[in-house]
Amino acid sequence: ILKYYDDQCKQSKEVFDEAQKYIPGGVQHNLAFNKPFPVCFSKAEGAYLYDKDGNQYIDFLQAGGPTILGSNYPVIRDAVIDLLQTCGPVTGLLHEAELLIAKEINHCMPNVEMFRMLGSGTESVMAAIRISRIATGHKRIIKVGGGYHGWSDQMVYGLKIPGSRNLLESHGIPRKCFALTDEVRPNDLDMLEGFLRINRLKGGTACVIVEPVGPESGTRPVAAEYNKGVRSLCDKYGALMVFDEVVTGFRVALSGAQGYFDVVPDLTVFGKIVAGGYPSAGGVGGKKEYAGLMAAGVATGKHRAYVGGTLAANPLSALAGYTAIKEIERTNACEIAGRAGDRLTDGLKDLLARYELPFVAYNQGSIVHLECTGAMSYDFSSYLFVKSALGLLKYQDIMTERKDSMERMGAAYMANGIVTLAGSRLYTSMADTDEIIDEAL
Ligand code: PMP
């Protein structure tokens, strides 16, 4: 592997060496880090990426999810170039593309009656929480341990590793910023009900926010009935149910995870794909009575959930997103990418069995996971909320081992011409033909 990097990635190394002087850590994006150094990309097309040295890679990173049509998809690119020539990147006024995307999302997910486009998934989660607090008059928010909902102060809690509280990922956040955030074990409805019940004495629960395929885009998969269970508990305790569909929206199905699991959330958070993989991408929507609170004001007698963003819903993002969703619908991209995901997963399972490797492969359609068996089999009940430092340490050890192992795996993939998300997640796209999947296997 090291030989590949030394011999084949000389120009990438030069860029990275220089970048370390000007960019913290030498990378602008957490996903870009790969051991021994990140490869510098210069071209993207369909199922493939190309680095500065001219090496070709199959792209299973897909920018963290949004390019389900394949990279640099011509129809979106052409629409964006056309618009750039007439209107430039930004107006700050209403552009028709904003209406087009809101209507298209409503067409795919009828429950999203109104939609406000924002600049990122992180901001959109912040907006959903704000709306929930106004709508319910409650204060607390509950997330599922390990889930990623962006990097706002109140959500960097139990991030990536269930039970880690704010200990592992970020410092610099005063305790009070996440004092109203609760974390529950993945898949544990009894624990969720316990928190909802106790929270009635502590200001009430404004919302329960979930990634519908399980925390970290399904790295901890949830049982098929879990989302329905969350729905009925939210109804019972007067909390809003928020689906974070930043990754699953227009990927697991055109109707998102809400269609896939047949569950109607109160609010849905979007990211990435609502700008077709272009910047800046995010948004929140739902039933009128909730989503409408983003525009409420003195005139309506209701409190208003203020949201903003200079580049939010700029014409380019809105048109790119609208075009992407229309194309996903026209081409059946979710089904095609899902079949590629099934083929990749089946092939990985065969390889793991044949070589008796300590990994588990599974998928939710086009979201494919390859995990260490140890990390998957850990029983969270031994440490969460029981203040057992030993339990947490043990889990951290396993997760550190996992991280090392997956990082080495990620580097090995690269040296063999495959880009993944940190070695453990592989997104498939419509551009992944059977031949490409077989080549990857
Ligand atoms: N929620 C989920 C499920 C995500 O995967 C992400 C981004 N990876 C976010 C929220 C945050 O979105 P953004 O990076 O656009 O802030």
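Quick caveat: nothing in here was measured; it's all calculated off a predicted structure.

Rules used in this analysis
- Residues numbered from 1 in each chain as written.
- Predicted model: local features only at pLDDT ≥ 70, side-chain atom pairs only at ≥ 80, totals over all residues.
- pLDDT = per-residue confidence, 0-100.
- Contact = placed C-beta atoms within 7 Å.
- Axes fitted to C-alpha atoms, helices over the stretch in contact; angles between N-to-C directions.
- Helix = DSSP H or I, 4+ residues; strand = E, 2+ residues; numbered from the N terminus.
- Parallel < 35°, antiparallel > 145°, perpendicular 65-115°, else oblique.
- Left-handed = near helix turned anticlockwise from the far one by under 90°.
- Nonpolar A, V, L, I, M, F, W, Y, C, P; charged D, E, K, R; others polar.
- Domains from an automatic or database assignment.
- Pairing = 2+ DSSP bridges.
- Buried ≥ 20, exposed ≤ 12 C-beta atoms within 10 Å, placed from the backbone.
- Arc of directions from axis to C-beta.
- Expected span 1.5 Å × (residues − 1).
- Core = buried A, V, L, I, M, F, W, Y, C linked by C-beta atoms within 7 Å.

With respect to the confidence of the model for the protein
Here the protein shows a mean pLDDT of 92. Residues at 70 or above account for 94%. In this model residues 382–388 is a low-confidence stretch, pLDDT under 50, and it forms eleven contacts with partners more than four residues away in sequence or in other chains.

Observations regarding the packing of helix 3 (residues 74–87) against helix 11 (residues 315–331)
Relative orientation of the contacting elements helix 3 and helix 11 amounts to 155 degrees, with a least axis distance of 9 Å. With respect to each other, helix 3 and helix 11 are oriented roughly antiparallel. Between helix 3 and helix 11 lies a crossing whose hand is right-handed. Touching Val75, Ile76, Ala79, Val80, Leu83, Leu84 and Cys87 of helix 3 are Pro315, Leu316, Leu319, Ala320, Thr323, Ala324 and Glu327, all from helix 11. Classifying every residue of the contact of helix 3 with helix 11 by side-chain character gives twelve nonpolar, one polar and one charged.

Details of the domain arrangement of the protein
For the protein, the assigned domains are domain 1 (2–72 + 332–440) and domain 2 (74–330). Taking only C-alpha atoms, the centre of domain 1 and the centre of domain 2 are 25 Å apart. Tallying the contact residues gives 24 residues for domain 1 and 23 residues for domain 2. Put simply, the parts of the chain that give the side of domain 1 that touches domain 2 at least two residues each are helix 12 (333–355), strand 11 (359–364), strand 12 (367–372) and helix 14 (389–415). Residues of the side of domain 1 that touches domain 2, tallied by class, amount to 14 nonpolar, eight polar and two charged.

Let's talk about the sheet that holds strand 7 (residues 205–210)
Taken in spatial order, the seven strands line up as 4-10-9-8-7-5-6 in an open sheet, and their pairing is mixed. Taken across any chain shown, the strands that pair with only one partner, and hence form the sheet edges, are strand 4 (114–118) and strand 6 (181–184). Each adjacent strand pair in this sheet contributes to an overall mean axis angle of 20 degrees, direction not counted. Bridge count between strand 4 and strand 10 (residues 282–286): five bridges; the pairing is antiparallel. If you follow Met117 over to strand 10, its bridge partner there is Gly283.

Brief notes about the packing of helix 6 (residues 189–199) against helix 8 (residues 226–237)
Helix 8 packs onto helix 6 with a crossing angle of 15 degrees between their chain directions and a minimal axis gap of 11 Å. By the criterion of interaxial angle, the relationship of helix 6 to helix 8 is roughly parallel. Taken as a pair, helix 6 and helix 8 cross one another with a handedness that is right-handed. Judged by residue contacts, Leu189, Leu192, Glu193 and Leu196 of helix 6 engage Gly229, Val230, Leu233 and Tyr237 from helix 8. Grouping the constituent residues of the contact of helix 6 with helix 8 by class yields six nonpolar, one polar and one charged.

A closer look at helix 6
Buried within helix 6 are the following residues: Met191, Leu192, Leu196 and Asn199. Here the buried residues of helix 6 occupy an arc of 140 degrees about the axis, which is enough to place them on one side. The exposed set on the far side of helix 6, more than 90 degrees from its buried face, consists of Asp190 and Ile198. Summarising the contacts, the buried residues of helix 6 are in contact with strand 5 (140–144), strand 6, strand 7 and helix 8.

Re helix 8
For helix 8, with twelve residues, the first-to-last C-alpha span of 17 Å sits near the 16 Å given by 1.5 Å per residue. Every buried residue of helix 8 is accounted for by Tyr226, Asn227, Val230, Leu233, Cys234 and Tyr237. Each buried residue of helix 8 sits inside an arc of 120 degrees when the element is viewed along its axis, so together they form one side. Those residues of helix 8 that are exposed and angled more than 90 degrees off the buried face are Asp235 and Lys236. At its buried positions, helix 8 is contacted by helix 6, strand 7 and strand 8 (240–244). Following helix 8 by one or two positions, Gly238 adopts a phi angle in the positive range, close to 70 degrees.

Some points on the nonpolar core
Grouped together as the largest cluster of nonpolar side chains are 125 residues, with contacts concentrated most on Ala128, Cys207, Val208, Leu240 and Val242. Looking at this core, the element that brings in the most residues is helix 11, giving eight residues. Looking at this core, you find at least three residues from each of domain 1 (2–72 + 332–440) and domain 2 (74–330). Dropping the residues within four chain positions of it, Cys207 is found in contact with Ala128, Ile129, Ser132, Ile141, Ala239, Leu240 and Val242.

Focus: the sheet that holds strand 13 (residues 418–419)
With respect to topology, four strands assemble into an open sheet ordered 1-2-3-13, the strand pairing being mixed. A strand with exactly one partner marks an edge of an open sheet, and here the two such strands are strand 1 (41–45) and strand 13. The sheet contact formed by strand 2 (residues 48–51) and strand 3 (residues 56–59) spans three bridges and is antiparallel. Each residue of the ladder has a partner; that of Leu49, found in strand 3, is Tyr57.

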